[in-house]
Structure formats: C-alpha cells, structure tokens
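Take a look at the letters that make up each chain.
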Amino acid sequence: VLAVIDDGVVAGRPALAEELEAYARAHAARMQLVETLVLPGGEACKNDPALLESLYQRLRELAIDRHSYVLIVGGGALLDAVGYAAATTHRGVRVLRVPTTTLAQADSAVGVKNGVNFQGSKNFVGTFAPPFAVYVDPAFLRTLSPRDRRAGMAEAVKVSLVRDASFFVWLEEHAQALATGDEAALAHLCRRSAELHLHHIREGGDPFELGSARPLDFGHWAAHKLESLTGHRLRHGEAVAIGMAIDTHYSWRAGFLDAAAVARVLRLLQRLGFQLWDDALDGDAVLAGLDEFREHLGGELTVTLLAGIGRGHEVHVMDPQVVRASIAELPR
Ligand SMILES: NC(=O)c1ccc[n+]([C@@H]2O[C@H](COP(=O)([O-])OP(=O)(O)OC[C@H]3O[C@@H](n4cnc5c(N)ncnc54)[C@H](O)[C@@H]3O)[C@@H](O)[C@H]2O)c1
Ligand SMILES: [Zn+2]
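As the structure is a computational prediction, the values presented were derived from the model and not from experiment.

### Re the coordination of the zinc ion (ligand 2)
Phase 1: Donor atoms from the polypeptide that coordinate the zinc ion (ligand 2) comprise Glu-155 (OE), His-220 (NE2) and His-236 (NE2), at 2.0 to 2.1 Å from the metal.
Phase 2: Counting the intervening residues between successive donors of the zinc ion (ligand 2) yields the motif E-x64-H-x15-H. Here Glu-155 is found in helix H7 (residues 153-163), whereas its partner His-220 is found in helix H11 (residues 220-229), with 65 residues between them in sequence. By the burial criterion, Glu-155 is buried, and His-220 matches it.

Structure, rendered in structure tokens:
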C-alpha cells in the first residue's frame, strides 16, 4: 500500500501518518505500507502537472503494481488527482478512497470518476475507474473549515432535488443544525446523498456516461464555468449552489416549476449559508459554460432542470435570454 494524505487532513490530525503506520505494523502479516506521502490538497493539486509527474515517478520507484493499493485520504480534489495517477499507472492500480470532506463523502468518493484540469479546463483529463473500496468516517469532517463543511452540502441538495423529495424535506427540517455543523445531521446528509449517488450509478443504466445526459449534474453547467471564471476562488460546491439557483429560476421561467418550489430551493440554500450571487456572473461570460458542458458530455446538449422538488426534467435547448433573466433574479 502506498498512502497519500491531504495536507489539510494532516493539519487537523497531525498524528495520522503515525496512526496509519502503527495500523500497518499491527497487520504486518496482511499488508505492507511502503510509504506515506503528504501532498497539498485543494483544487491546486488538479492544476499542477508537476504533481502528476512526481506521483508517477514515486509509483515506479516503489514498484507499485496492479496487486498493490493506493490509499488516498483527502478531499475531492486530491482523490481526483491521485485517483487519476493511479488509474493510469500500469493501466490501473487499485484505489482505496478515504474521503475527508463533506463533498467527497456525500458525492465524489462513491463515484467512478477521477480527473485533473488542463489549461484551465475543468476535468479535461480523466478516466472512469471504480474504486476498490471506499471508507467513510464522519469524524474526519470535524477539522474542516466551516466553508468546506458547507460547500459539499450543495451536492446533497442537488441529488435531493432531482431524485428524492423526502430527503429535500429532511434537509429543510435540519437546515439550522446543518448550518451550525451538527455532526449527526452532517453524517446523515452524507450517507443519504452517497446512497442516492451510488443508486444512480448502479441502477441508472449508464455508469460510464455513454449517453449525453447527466441527470445528477443539475446546476453544473454554470458551476463548472464559474469555477474557471473565478480561477477556483469559488469552491465546487459553492459554484454548484449558484448554478442550481440559476437553473431553478430557469425551470420556473420555462414553465416546469411553480414559484413556491423556487422559493423553497433558494431558501434552503440560503439557510445553509450559501451565497447565490458572485460578481463573475456580471456580463455574459458564464453563458459559454453551456457549450463547454455539451462538449464535455459529447453529443446533444442535455441539461437537467426541475419539474418539481425531487423531479429532474431534461431539456436540449437553453434560451440565452431566459438564462440572463434567471441570473438577474438571483439574490445579491
Ligand atoms: N470525481 C467526481 O465524481 C467528482 C464529483 C464532485 C466533485 N468532484 C471534484 O471535487 C473537488 C472538490 O472537492 P472538495 O469539495 O472535497 O474540496 P477540496 O478537495 O478542494 O478540499 C478543500 C480543502 O479542504 C482541505 N481538507 C480536506 N479534508 C480536510 C479535513 N478533514 N480537515 C481539514 N481540511 C481538509 C483540503 O486540503 C483543501 O484545502 C473539485 O475538484 C470537484 O470537481 C469530483
Ligand atoms: Zn458536483
């Protein structure tokens, strides 16, 4: 096993590398921990070609083979970047994921994707590679900044909106507890969100996204663009919250969603503490996100809107005027 740990996790739990080594010693008959690397987490690791290069080099020097494991302990960004390096080493070394952020526990770690950014283009390089195992421990979330604890909640709101109205109601009922970092509420949010994401991958009929639709990417066309427009000043989850607010308004303007539902969505996002406006929305730059989204998925443009709380609705055309009007309506 080669272990790679997010430096943010180590900052909150400095003994983690030693704990891992002690665990490996205690299980020496079954496992050998060859090295523990601590790498800088956060989006920067997905923007750094030198990081990949050094990972490949270390994997080779340590003779990690396809019967070895890369154990990744960290946020969604490090899981994506190191996961990509592992998936492309010897055409795929086994990966154990230990997600340590709300976002990674609620969404990305149970998924089948990895990737890095290329010249500012989000997730331009990456593979589909199911992990060998995922181990979720809510205790990791204790050391997260309030900002990162909150950001990942956007993915739970998202999946509730397109898949599970009763989960949305649960989020409404627990918004106050979630906003103040209540551990039990947060653990439930992550578990239910992960279940819904996993259910989609297993039962949705398109785990490797061969079609043009990505039903769980509600709010994501604008989110990805906002992340790059802001040079990743916005966290992925923060951008998703804004993207969902835009597409919720759009759903109403397009006649799929009633005004009461729009108000509930915006209110929940705001009660969780999300800002629904960012200055990067000034001007038309975000609109280019639609075309980039189409290109990333391939084929026909497919955007998921809402036909109700808990009900996604796919469209293949987005009217730029209506997008502009939806953006203009966001609470500043
Ligand atoms: N592969 C997928 O299917 C998928 C799905 C959704 C999102 N993503 C990607 O995930 C990334 C966002 O991930 P994220 O929201 O987890 O943020 P992140 O990985 O950028 O981490 C945010 C910060 O938290 C720190 N950190 C991580 N765990 C910590 C802990 N336990 N205590 C203290 N600090 C900790 C990190 O060092 C970093 O500074 C984006 O790049 C997004 O595109 C991937
Ligand atoms: Zn997302």
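### Brief notes about the pairing of strand S3 (residues 69-74)
Phase 1: Burial of S3 is extensive: five of the six residues sit out of reach of the surface.
Phase 2: When strand S1 (residues 2-6) meets S3, the two strands line up parallel, connected through four bridges. Its bridge partner being in S3, Leu-2 is matched across the sheet by Val-70.
Phase 3: Relative to strand S4 (residues 94-99), S3 runs parallel, the two being bridged by six bridges. When the bridges of S4 are listed, Ile-72 appears paired with Arg-97.
Phase 4: Tracing the backbone out of S3, into helix H4 (residues 76-87) and back to the parallel element S4 gives a crossover that is right-handed.

### So, the packing of aromatic side chains
Phase 1: Summed over the entire model, instances satisfying the criterion amount to four aromatic pairs.
Phase 2: Judged by centre distance (5.2 Å) and plane angle (75°), the rings of Tyr-69 and Phe-132 are edge-to-face. Highlighted residues: Tyr-69 in strand S3 and Phe-132 in the loop between strand S6 (121-125) and strand S7 (133-134), separated in sequence by 63 residues.
Phase 3: On the basis of relative accessible area, Tyr-69 is assigned to the partly exposed category, the value being 22%.
Phase 4: Geometrically, the ring pair formed by Phe-167 and Trp-170 is stacked, given 6.1 Å between the ring centres and 25° between the ring planes. Taken together, the residues span about one helical turn, with Phe-167 and Trp-170 both in helix H8 (residues 165-173) at a distance of three residues. Here Phe-167 and Trp-170 have matching classes, each one buried.

Cut-offs and rules
- Residues numbered from 1 in each chain as written.
- Chains lettered and ligands numbered in written order.
- Predicted model: local features only at pLDDT ≥ 70, side-chain atom pairs only at ≥ 80, totals over all residues.
- Heavy atoms only, no water.
- Donors = N, O, S within 2.8 Å, 3.2 Å for Na, K, Ca; no water.
- Helix = DSSP H or I, 4+ residues; strand = E, 2+ residues; numbered from the N terminus.
- Buried < 20%, exposed > 50% of the residue type's maximum accessible area, 1.4 Å probe, protein only.
- Pairing = 2+ DSSP bridges.
- Right-handed = clockwise from strand over helix to strand, strands pointing away.
- Phe/Tyr/Trp six-rings, centres within 6.5 Å; stacked < 30°, edge-to-face > 60°.

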